[in-house]
Every structure is written in C-alpha cells, then in structure tokens.
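Residues per chain are reported as follows:
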Amino acid sequence: MAIGLEDKKAIVADVNETAANALSLVIADARGVTVGAMDALRKQARENGVSLRVIRNTLAKRAVQGTEFECVTDALVGPSIFGFSMEDPGAAARLFKDFAKEQENFEVKALSVGGKLLESSQIDALAKLPTREQALGMLASVMIAPVTKLARTLNEVPASVTRVVAAVRDQKQDAA
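(A) View of the sheet that holds strand β3 (residues 81-85). The strand order across the open sheet formed by five strands is β2-β3-β1-β4-β5, and the pairing between neighbours is antiparallel. Bordering the open sheet on either side are β2 (50-54) and β5 (116-119), each of which pairs with just one other strand. Strand-to-strand twist across the sheet, computed as the mean angle between neighbouring axes with direction ignored, equals 20°. Across six bridges, the pairing between strand β1 (residues 24-29) and strand β4 (residues 107-113) is antiparallel. Looking at β4, one finds that L25 is bridged to S112. Here helix α2 (residues 35-47) sits on the sheet in contact with β2 and β3, set at roughly 145° to β2. Each of β1, β2, β3 and β4 touches helix α4 (residues 91-102); the most contacted strand, β3, lies at about 140° to it.

This is the structure we're talking about:
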C-alpha cells in the first residue's frame, strides 16, 4: 500500500524528533525473523527505553538529516530496523546483541554514537557501556575511595600503638 506525501512527512518528522533526542542508534537487518520474535523484541525495547522503528531507507535518510546520526546514511541498504537509545547509550546495542544471539537471521549492520559511525563488529564496545545507575555508582566509589583510605590510615596509628604496648606488656610478663 502506497504512503501519501503527508504521511511520509509525518513519519520523517517523527523519526527526526526521535533521532534528535536519542543518545545512540543501532541499525539491523531483520529479514527472516518471525513476527512473534519481533513482537518480543518490541516488548523488550519498550522496557529498556529503546525506540524501535522500521521505515524506508529514503525516509530514514531524510529523517536523520541535521542530527548526529547523519553519518549512517551510507549504511542504509536493504531492509533496516532502527533502535534509538533514549535513556542509556548502550541499551539498544545490548538489546540487539542479545536478540542476535537468539535469532540467526538478525544481523546488526551499523551503529552510531556521538556523530560517529561504528562498524557492526564494535557492538560489544557500545553494549558494555555502563547504565546511568552503574556509572553513578562507579563515580561515587571513586569519590569515596580517598576518604576511606584516609580513615583507614588514621585508624592505623592508634592500632599500631596499641599493638606495641601489648607486645611490651607480653614481653615483661614473660620476663617476670
């Protein structure tokens, strides 16, 4: 069924808005994947803050113009499913990577972060990015480490004195 010009403009505007707010983009080829599996992927995407879109490549090229994902236009060949990570930069990469393990026909074609096009082989690097909560936890542990070290060091001085006094006491008791 043909899509009218107004519908095409609406699709391009919607995808452009999504791309402008997204942190990363992963593009995959889903030929041969069953409808049930795609429904499961869509459900997981909603749970993980990933916006999935299946649109024509010509419309996608127009939609990413003026966004940091403009670099993916050369990778738009054949059927494509777009996964925009809205909250966590690695969410779409983790989702697609896990889904590709289960579905042999699902193939990641390209990914983009920060205006740079990455090869599909680099999906592991993007998928291993920590979530926001993990990054904040790592930052907190780095910030608290010097304070903890200082507290341990300051606590060690009285403990050392106590051990020396106890050793002298034991030595005098043994001598007597």
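Now that the structure has been shown, the text picks up again.
(B) Local environment of α2. For α2, which comprises 13 residues, the first-to-last C-alpha distance of 19 Å matches the rise-based estimate of 18 Å (1.5 Å per residue) to within 8%. Among all positions of α2, only A37, M38, L41 and A45 are buried. Here the buried residues of α2 occupy an arc of 100° about the axis, which is enough to place them on one side. Turned more than 90 degrees away from the buried face of α2 sit V35, G36, R46 and E47, all of them exposed. Among the structural elements, β2, β3 and α4 are those in contact with the buried residues of α2.

(C) How the structure looks around the pattern of salt bridges. Taken as a whole, this structure holds three salt bridges when the rule is applied. Of the charged contacts, one joins D14 and R53 as a salt bridge, the two residues approaching to 2.4 Å between their closest N and O atoms. Here R53 lies in strand β2 and D14 lies in helix α1 (residues 5-21), a separation of 39 residues in the sequence. For D14, a relative accessible area of 34% translates into the label partly exposed.

(D) Structural context of the environment of A100. In this fold, A100 is placed in helix α4. A100 sits 76 residues away from A176 along the chain, and the two C-alpha atoms are 78 Å apart.

(E) Layout of the nonpolar core. Counting residues in hydrophobic clusters, the biggest one holds 19 residues, and the most contacted among them are L41, I81, F96 and F106. Elements with a minimum of two residues in this core: β1, α2, β2, α4 and β4. The biggest single contributor to this core is α4, with six residues. One finds V15, I55, V72 and L76 within the second-largest nonpolar core, a separate group that totals 16 residues.

(F) Here's a closer look at the packing of aromatic side chains. In the structure shown here, the tally under the stated rule is four aromatic pairs. Between F96 and F106, the aromatic rings sit 5.3 Å apart at their centres with planes inclined by 85°, giving edge-to-face as the arrangement. Taken as a pair, F96 in helix α4 and F106 in the loop between α4 and β4 lie far apart in primary sequence, ten residues in all. Each member of the pair, F96 as well as F106, is classed as buried. Through a chain of ring-to-ring contacts, three or more aromatic side chains come together here, namely F69, F82 and F84.

Definitions and cut-offs
Residues numbered from 1 in each chain as written. Predicted model: local features only at pLDDT ≥ 70, side-chain atom pairs only at ≥ 80, totals over all residues. Heavy atoms only, no water. Pairing = 2+ DSSP bridges. Helix = DSSP H or I, 4+ residues; strand = E, 2+ residues; numbered from the N terminus. Axes fitted to C-alpha atoms, helices over the stretch in contact; angles between N-to-C directions. Contact = heavy atoms within 4.5 Å. Expected span 1.5 Å × (residues − 1). Buried < 20%, exposed > 50% of the residue type's maximum accessible area, 1.4 Å probe, protein only. Arc of directions from axis to C-beta. Salt bridge = Lys/Arg side-chain N within 4 Å of Asp/Glu carboxyl O. Core = buried A, V, L, I, M, F, W, Y, C linked by side-chain atoms within 4.5 Å. Phe/Tyr/Trp six-rings, centres within 6.5 Å; stacked < 30°, edge-to-face > 60°.

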